[in-house]
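Descriptive structure summary
As a plain string of letters, each chain reads:
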Amino acid sequence: MRLPERQLAVLEAASATDERTIGDLAAETGLKPETVTGAAFELRDEGLLEVTETTREHAELTDEGARYVDEGLPERRLYRAGKELGAADAPVSMGEVIGAADLDGPAVDIALSNFARKGLGSIDAGELSIDPDADPSDDPEMATLEALAAGTPPTADDVVDRLDSRGLVRVVESVTRAVTLTDAGVDALMAGVETAETVAELTPELLASGEWRDVEFASYDVEADAPPATGGRTHVLRRTADRVKDVLVGMGFQEMAGPHADSDFWINDCLFMPQDHPARTHWDRFALDVEPTDDIPETLLSRVERAHREGWGDDGDGYHSPWSADFAREIALRGHTTSLSMRYLSGHAGAPLDPPQRYFSVEKVYRNDTLDPTHLLEFFQIEGWVMAEDLSVRDLMGTFEEFYRQFGITDIRFKPHYNPYTEPSFELFGDHPETGEEIEIGNSGIFREEVTGPLGVDGDVMAWGLALERLAMLTTGADDIRDLHGTLADVEFLRTAEVSY
Ligand code: PHE
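Residues numbered from 1 in each chain as written. Predicted model: local features only at pLDDT ≥ 70, side-chain atom pairs only at ≥ 80, totals over all residues. Heavy atoms only, no water.

**Focus: the overall build of the chain**
- Secondary structure summary: the chain contains 20 helices and 19 strands in total.
- Computed over the C-alpha atoms, the radius of gyration of the chain is 35 Å, more than 25% above the 23 Å expected from 2.2 N^0.38 for a compact globule of 501 residues.
- Considering only C-alpha atoms, the chain reaches an extent of 100 × 90 × 45 Å along its principal axes.
- For the chain, with 501 residues in total, the buried portion stands at 44%.
- For the chain, the accessible surface area stands at approximately 25,900 Å², while carbon and sulfur atoms represent 47% of it.
- In the chain, 42 side chains carry a positive charge and 101 a negative one; their mean positions are 3 Å apart. (Helix = DSSP H or I, 4+ residues; strand = E, 2+ residues; numbered from the N terminus. Rg over C-alpha atoms; globule rule 2.2 N^0.38 Å. Buried < 20%, exposed > 50% of the residue type's maximum accessible area, 1.4 Å probe, protein only. Areas by Shrake-Rupley, 256 points an atom, 1.4 Å probe, with all protein chains shown as cover. Lys, Arg positive; Asp, Glu negative; His and termini not counted. Charge placed at Lys NZ, Arg CZ, Asp CG, Glu CD.)

Shown next, in the form of structure tokens:
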């Protein structure tokens, strides 16, 4: 019989009478435990070895448990501090004992509840007394923590359970595998086994030389235990963005591109946002200390100015409020990517303007908001618009329904809304899958004539800005936007989160 080298090494190290663990075999053969495990399963499949598995539970210290081994359990520190302050003779104020014990934060509650539970003393009217008969050194919990720290298995299960519920130890399962030779294994060894060179990968060279005919291929055991491999992975938000792009391209949209820092003209003026609108003040906007731009098409500039001052269309009236071309030329970080829609709809980006047209972008926007569970100061907006001869609210709603359905979201709701640039306007809401909370996921509408007229657009334009992070919250179940990225994001979440579709 011919066997790959590692299988032969394991077979020779195994015994017909004694169980040998994977650890024993690894030590004896000098192979890695995972190599021995793989070989053992292969030999089992050949009928040469028997593999038994024993599952054991063992306790190990958590970080908090390990800390208490060094610092002492909080209740014992409380006891010691109380004793030094004479609380065995007369009650002492709690504040004083807690201060002397150097406890703060959650450690105070932990100390107080366990102090009472262990009968070390009592707490009454804000004062702590120590039971003179209590013996804190006779503490099975501390003894168990110390035993674990020293590598000795603990004996009392109930103490381990209590420490587990206090979060000081965790009980983990481990599988030990052991092998014995089968009769067939013994026979094979007696008859003599030779080593066969094994090849893990079929290469072009093996094929070309014909050598593949003579080599032994290593087989893969896809059920074997393997340490989890966490290599590089595309971030969940990037994956969501990529998925959004795929979906929109699939729906016939083309992608827009344009500057993050842009003139107020494209960000706001084209959108019929009055220059004294609150969103245009320094409170909301990240103004940049750079030279204003003169790269704005003059005709468009004057048409936009006219819309603001006098209105557009038969019954348009405008704002009759001050409007300054200098303000329009100033540069800020875009607060929405609707600036890109304006550039494209004006024809300034070079895109053809004949209806129908569909465009989108998934790009960053910047707002001087207050950071909270649903707001970041910079986030991704899924911008989009459709230009056609004749559009209605049903087209808008249908587009969103189709879009969100690709992400498994089938219960979006629309609420009438107000934007200076769309009429009618709708906010979109969805339900958070974990908390059930209704969260805003987007804003949309049909552009007013005051917007499309000056741009020279012939036809209707429906448009929207959807929040990518909110969509990712709905698909991953993250309930705080800061769990998705930034310092609070949990690495395990980032490793495992799926973008569902
Ligand atoms: N600009 C809007 C926002 O940031 C989104 C929007 C775009 C709404 C286009 C209507 C039309 O909320």
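**Structural notes on a nonpolar patch on the surface**
- Among the surface-exposed residues, L202, L207, W212 and F217 lie close enough to one another that they form a single nonpolar patch of about 380 Å² accessible area.
- Secondary-structure assignment places W212 in the loop between α11 (204–209) and β10 (216–217).
- On the basis of relative accessibility, which here comes to 35%, the residue W212 falls in the partly exposed class. (Patch = residues over 30% accessible without salt bridge, like charges linked within 9 Å, V, L, I, M, F, W, Y side chains within 5 Å. Salt bridge = Lys/Arg side-chain N within 4 Å of Asp/Glu carboxyl O.)

**A few points about the packing of aromatic side chains**
- Evaluation of the coordinates by the stated rule reveals 11 aromatic pairs.
- Summarising the aromatic geometry, the rings of F265 and W266 are spaced 5.1 Å apart at their centres and angled 75° between planes, so their arrangement reads as edge-to-face. Neither F265 nor W266 differs from the other in exposure class; each is buried.
- Taken together through their ring pairs, the aromatic side chains of F253, F400, F414, F426 and W464 make up a single cluster.
- In this structure, R280 packs its charged tip against the face of F327, placed 4.7 Å from the ring centre.
- Lying across the ring of F429, K415 places its NZ or CZ 4.3 Å from the centre. (Phe/Tyr/Trp six-rings, centres within 6.5 Å; stacked < 30°, edge-to-face > 60°. Lys NZ or Arg CZ within 6 Å of the ring centre and 35° of its normal.)

**Details of the side chain of Q275**
- Of note, Q275 is situated in the loop between α13 (264–267) and α14 (298–310).
- Within the structure, the side chain of Q275 is placed 3.0 Å from the side chain of D269, a separation counted as a polar contact.
- Apart from residues no more than four positions distant in its own chain, Q275 is found in contact with D269, R280, P322, W323, S324, F327 and A328. (Polar contact = N/O pair within 3.5 Å; in protein donor to acceptor, adjacent residues only side chain to side chain. Contact = heavy atoms within 4.5 Å.)

**Re the site of the ligand**
- Near the ligand you find 14 residues, and of these H336, T338, R367, Q381 and N443 are the closest.
- Between an oxygen atom of the ligand and a side-chain N or O atom of N443, the distance comes to 3.0 Å.
- Protein chains shield 93% of the accessible area of the ligand, which is 330 Å² for the free molecule.
- Among the cavities detected, the one that contains the ligand is the largest pocket. (Near = heavy atom within 4 Å. 1 Å grid on protein atoms, 1.4 Å probe; cavity = no way out; pocket = protein on both sides within 12 Å on 5 of 7 lines; lining within 4 Å. Sits in = over half its atoms within 2 Å of the grid points.)

**Observations regarding empty space enclosed by the protein**
- The final tally for this structure, using the stated rule, is one cavity of 30 Å³ or more.
- If you go around the largest cavity, the residues you meet are L248, I382, T399, F400, F403, W464 and L466.
- Counting residues per element, the ones that place at least two in the lining of the largest cavity are α17 (393–405) and β19 (460–467).
- With three residues, the single largest contributor to the lining of the largest cavity is α17. (Points joined across faces, edges and corners; volume = space filled by probe spheres on them.)

**Concerning the sheet that holds strand β17 (residues 422–431)**
- Here we have seven strands laid out as an open sheet, ordered β11-β14-β15-β19-β18-β17-β16, and mixed in their pairing. Edge positions in the sheet fall to β11 (254–255) and β16 (413–419), since each has one partner strand and no second.
- Sheet topology places β17 next to strand β18 (residues 438–447); eight bridges connect them, and they run antiparallel. Residue pairing in the sheet places T422 in a bridge with F447 of β18.
- The sheet strands contacting helix α12 (residues 236–250) are β11, β14 (357–366) and β15 (378–388), and the helix crosses β14 at an angle near 165°.
- Where α17 meets the sheet, its contacts fall on β15, β16, β17, β18 and β19, and the angle it forms with β19 comes to roughly 35°. (Pairing = 2+ DSSP bridges. Axes fitted to C-alpha atoms, helices over the stretch in contact; angles between N-to-C directions.)

**With respect to the layout of surface pockets**
- Here the largest pocket is characterised by a volume of approximately 960 Å³.
- Along the wall of the largest pocket there are 47 residues; nearest its centre are G335, H336, R367, Q381 and N443.
- Counting residues per element, the lining of the largest pocket draws most heavily on β18, which supplies seven residues.
- Volume-wise, the second largest pocket comes out at about 260 Å³.

**Describing the packing of α12 against helix α19 (residues 468–476)**
- The N-to-C vectors of α12 and α19 enclose an angle of 105°; their axes lie 10 Å apart at closest approach. One way to sum up the angle between α12 and α19 is to call them roughly perpendicular. Together, V236, L237, T240, A241 and V244 of α12 and L468, E469, L471, A472 and T476 of α19 make up the contact between the two elements. (Parallel < 35°, antiparallel > 145°, perpendicular 65-115°, else oblique.)

**Examining the sheet that holds strand β5 (residues 121–124)**
- With respect to topology, three strands assemble into an open sheet ordered β4-β6-β5, the strand pairing being antiparallel. Looking at which strands have only one partner, the edges of the open sheet turn out to be β4 (92–93) and β5.
- Pairing between β4 and strand β6 (residues 127–130): two bridges, direction antiparallel. Bridge assignment links S93 to a residue of β6, and that residue is E127.

**Structural notes on the pattern of salt bridges**
- One pass over the structure, following the stated rule, counts 30 salt bridges.
- A salt bridge links R166 to E75, with the nearest nitrogen and oxygen atoms 2.8 Å apart. One end of the pair, R166, is in the loop between α9 (157–165) and β7 (169–181); the other, E75, is in helix α5 (residues 74–84), and 91 residues separate them in sequence. Taken individually, R166 and E75 each receive the classification buried, so the pair is uniform in this respect.
- Each member of the salt-bridge network shares a partner with another, and the members are E75, R117, K118, D139, E141, R162 and R166.

**A closer look at the nonpolar core**
- With 42 residues, the main nonpolar core has V244, I382, F403 and Y404 as its most contacted residues.
- For this core, the secondary structure elements donating two or more residues are α12, β14, β15, α17, β17, β18, β19 and α19.
- For this core, the element with the highest residue contribution is α12, accounting for six residues.
- When sequence neighbours within four positions are dropped, the list of residues in contact with V244 reads V362, I382, F403, F407, L468 and L471. (Core = buried A, V, L, I, M, F, W, Y, C linked by side-chain atoms within 4.5 Å.)

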